[in-house]
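If you want the building blocks of each chain, they are given just below.
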There are 2 protein chains.
Amino acid sequence: MGEHRATLAAVAARAGVSPSTASLAFSGSGPVADATRERVLAAARDLGYAGPDPLARSLRRGRSGIVGAVIGERLLYAFRDPVAVALLDGIAEALSPSGTGLLLLSGDAQHGSPTTEQVSRMPVDVAVFATCGRDDDPLLDLFLRRGVPVVAVDGPDRPDVTVVDIDDYGGAAELARHVASLGHHRVAVAALPLRLDGRSGRVDDARRAIVGFADCRARLAATEDVFGPVPVAEAPSNVVEEGERAGRLLLAGPDRPTAIVAQSDLLAVGVIRAAEALGLRVPQDLTVVGYDGIDTPWLGERLLTTVVQPIAEKGRLTGRMVTELLAGQRPANVHLPVRLRVGTTSAPPPSR
Amino acid sequence: MGEHRATLAAVAARAGVSPSTASLAFSGSGPVADATRERVLAAARDLGYAGPDPLARSLRRGRSGIVGAVIGERLLYAFRDPVAVALLDGIAEALSPSGTGLLLLSGDAQHGSPTTEQVSRMPVDVAVFATCGRDDDPLLDLFLRRGVPVVAVDGPDRPDVTVVDIDDYGGAAELARHVASLGHHRVAVAALPLRLDGRSGRVDDARRAIVGFADCRARLAATEDVFGPVPVAEAPSNVVEEGERAGRLLLAGPDRPTAIVAQSDLLAVGVIRAAEALGLRVPQDLTVVGYDGIDTPWLGERLLTTVVQPIAEKGRLTGRMVTELLAGQRPANVHLPVRLRVGTTSAPPPSR
DNA sequence: CGATTCGATCGAATCGATTCGACCCGAGGA
DNA sequence: TCCTCGGGTCGAATCGATTCGATCGAATCG
């Protein structure tokens, strides 16, 4: 165990060839006589040499063969979000043929987690900001300064990053018009995190000023462009439980809304749970709508009224952007359309 | 864009110090006068130098700061499996303080995916076989040959790898005895993949001989030690849909079982769906039991009878094993206990 | 006041491969 | 027969940092 691992030079020496030839024998690039290759491979076998050291190879080549996926929250939360998972899967699938690996990175430094500096020191060829396209993410700048190309999903619209996003505003607006056309006036919003700092609860003006996520901001703007200013409860992360908390909060007040616009399907499921815990029927007593268009097994036969985004395609396209960047190209931004799906969780408000 | 990125040497030259001093100024290890450090940092700022190149640093240090997580199937499938996700989350959490990254690796080479060779060339300090502790995984040997320590979860019991697993046999046996004590004799099994080759359907003797996964094998053995040989339907991956297919298959025959033992909760949910589609009531007409003890929102108020494994702890412990290996130690194997949870999906067989 | 120590800095070796240009030699063309 | 051409091989530079040991001046100690 103490002995050092065999190196390519050692193998070359044993095979009686120069290191350069040994390298050629392994990498396959360049002409090598079959006999020589055999000799090198045999020597490698004798010495227990399992191929060139990835680190040395990467240093020389100038690339690591690794793509970083920045996910904002704890792995657990990101993985509970079907949208994030599908996205990562799409990236992984697109990357697979080239043998590129996917490295999970945590964006926001929290208790015990590595510093942003540390994270940006990871050897990635491209960084994908998967679930946290915050406008002013320091990590984003760090990667760019380092010369690492960045793809931002639903991310900030900056000239130096490639953006893949959906028509957040358009979808949210169409959804809002649907709710309005049913006759609702008293509407409230269960919002995605405005910023990843763990805060939750009712959003006041000060808090509202710092909305850092493009998607969250666009959806909220669309809703308020239809209904005017509405009460907003913020969930600290995109999970059912937090949707339930936000729902309880919104339904507790004296002026109970007749419709709640949740900024994601997971939050919507939570809101529905909160409503039912209070004895409210959905949609008879309360209309609840979501965003994303994921499977919602929690709801049984009911179909959530929501905006369906092309998740799988988003993932695939993101993956393609990455491979293009790896190939040295500068791909154009992509803006995907969404579609309103009217389900069984929206209805006219109860007549008083 | 064409100009080469600044190097530490360039920064050192501009600051009027030697590269060694500049290195010290960045890494912080070793004594550097404050004034000197300032000068170096200023030079770095001028040159747009964002810190040492991770690849070079890794080569010199001999470690990459990356841990590989080998997940057997497509990302999408692994992420749909709450057990796998919780495991990864636990690892990520344990790794977080040290700033170590988690690299997702696909174990089994399939269409379009990188070869096993390619995967084993990733610069990882430790490899965790997260959801695919196949006994004879070639990837496992490749990593070991390369000198990369391996942690196998539910993995093969080999002297050269660290194993974290649960009492699969014990749990499955207790579960089987529970089912037997209810009076069931005609029992069938909906099995996890015996091997990751996409095959599904009824398992004959030839197929049975190649059970490659320790957990799957142990659970099956325990069931048959109680009931004797039973019909087995194999799911090609651990998702609800495949459980449903397996369920339909098992329920289709002339000699319909009165109880189906699913090797995971996800499969059990699928089996229940299949049963209900056939007009069978669970548990009155059919007993269905699972394994894992995850949340099953699909079942509404019903509680699955299952074996609960300590998922979160498994993840944490796996993470700890990894950090110990990174510290150069050789941790001992861990074997976690499980617990039978009797829910509302098991009952005596219908009287004829 | 001479000897010792400590802090700050520097030189040079090293990590392990890749790759460019040069070189050699045998075969084919003029 | 001489010249080219190209397959096969080798030397040496290079990728970009880290780190060990040496050096040097200043401060401390006896």
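Quick note: structure is the one above.
Residues numbered from 1 in each chain as written. Chains lettered and ligands numbered in written order. Predicted model: local features only at pLDDT ≥ 70, side-chain atom pairs only at ≥ 80, totals over all residues. Heavy atoms only, no water.

Turning our eyes to something else, we now look at the nonpolar core. F79(A), L88(A), F79(B) and L88(B) are the most contacted members of the largest nonpolar core, which totals 106 residues. Aside from chain neighbours lying at most four places away, what touches L88(A) is A69(A), I71(A), F79(A), L102(A), A130(A), L75(B) and F79(B). With 34 residues, the next largest nonpolar core counts F129(A), L140(A), F143(A) and V150(B) among its residues. (Core = buried A, V, L, I, M, F, W, Y, C linked by side-chain atoms within 4.5 Å. Buried < 20%, exposed > 50% of the residue type's maximum accessible area, 1.4 Å probe, protein only. Contact = heavy atoms within 4.5 Å.)

The next subject is the environment of R202(A). All names here are of chain A. Counting through the fold element by element, R202 comes out in strand 7 (residues 201-202). What makes R202 partly exposed here is its relative accessible area of 46%. C-alpha separation for the pair R202 and V232, spaced 30 residues apart in sequence, amounts to 5.8 Å. What R202 contacts, discounting residues up to four positions off in sequence, is P231, V232, A233, L249 and L250. (Helix = DSSP H or I, 4+ residues; strand = E, 2+ residues; numbered from the N terminus.)

Take the interface of chain B and chain A next. Listed per partner, the contact involves 47 residues of chain B and 47 residues of chain A. Linking chain B with chain A are zero salt bridges. At the surface where chain B touches chain A, the tally comes to eight residue pairs in polar contact (both at pLDDT 80 or more). In the side of chain B that touches chain A, the residues fall into 23 nonpolar, 15 polar and nine charged. The sheet contact formed by strand 2 (residues 101-106) of chain A and strand 2 (residues 101-106) of chain B spans three bridges and is antiparallel. Within strand 2 of chain B, the position partnered with L102(A) by the bridge is L104(B). (Salt bridge = Lys/Arg side-chain N within 4 Å of Asp/Glu carboxyl O. Polar contact = N/O pair within 3.5 Å; in protein donor to acceptor, adjacent residues only side chain to side chain. Nonpolar A, V, L, I, M, F, W, Y, C, P; charged D, E, K, R; others polar. Pairing = 2+ DSSP bridges.)

All right, on to helix 8 (residues 138-145) of chain A then. Because each turn of an α-helix spans 3.6 residues, side chains separated by three or four positions in sequence point in the same direction. Residues and elements named next belong to chain A. Burial in helix 8 covers these residues: L139, L140, L142 and F143. Taken down its axis, helix 8 places every buried residue within 165° of arc, on the same side. Contact partners of the buried residues in helix 8: strand 1 (66-71), strand 2, helix 7 (116-120), strand 3 (126-129) and strand 4 (150-153). Downstream of helix 8 by one or two residues, G147 has phi in the positive range, about 85°. (Arc of directions from axis to C-beta.)

Looking now at the packing of aromatic side chains. Aromatic ring pairs are defined here through the distance separating the ring centres and the angle between the ring planes. Residues and elements named next belong to chain A. Applying the stated rule across the entire model yields five aromatic pairs over all chains. Aromatic side chains F129 and F143 sit 6.3 Å apart centroid to centroid with 80° between the ring planes, which places their arrangement in the edge-to-face category. With a gap of 14 residues between them, F129 in strand 3 and F143 in helix 8 connect regions that are remote in the sequence. A cation over an aromatic ring shows up here: R219 above the ring of Y291, its NZ or CZ 3.8 Å from the ring centre. (Phe/Tyr/Trp six-rings, centres within 6.5 Å; stacked < 30°, edge-to-face > 60°. Lys NZ or Arg CZ within 6 Å of the ring centre and 35° of its normal.)

Residues and elements named next belong to chain B. In the contact formed by helix 9 (residues 168-181) and helix 11 (residues 214-227), the axes pass within 8 Å of each other and the chain directions differ by 35°. The handedness of the crossing between helix 9 and helix 11 is right-handed. Each of D168, Y169, A172, A173, A176, R177, V179 and A180 in helix 9 lies in contact with helix 11, whose residues at this interface are D215, A218, R219, A221, A222, T223, D225, V226 and F227. For the contact of helix 9 with helix 11, a count of residues per class yields 11 nonpolar, one polar and five charged. (Axes fitted to C-alpha atoms, helices over the stretch in contact; angles between N-to-C directions. Left-handed = near helix turned anticlockwise from the far one by under 90°.)

The subject of this paragraph is the protein's contact with DNA strand D. Around DNA strand D, the structure places 23 residues, and the nearest of them are T36(A), L8(B), S23(B), Y49(B) and R60(B). Counting only the atoms of DNA strand D within 4 Å of the protein, the fraction contributed by sugar and phosphate is 64%. A distance of 3.3 Å separates a base oxygen of DNA strand D from a polar side-chain atom of R60(A). Counting only elements with at least two residues in the surface near DNA strand D, the list comes to helix 2 (19-27) and helix 4 (54-61) of chain A together with helix 2 (19-27) and helix 4 (54-61) of chain B. (Near = heavy atom within 4 Å.)

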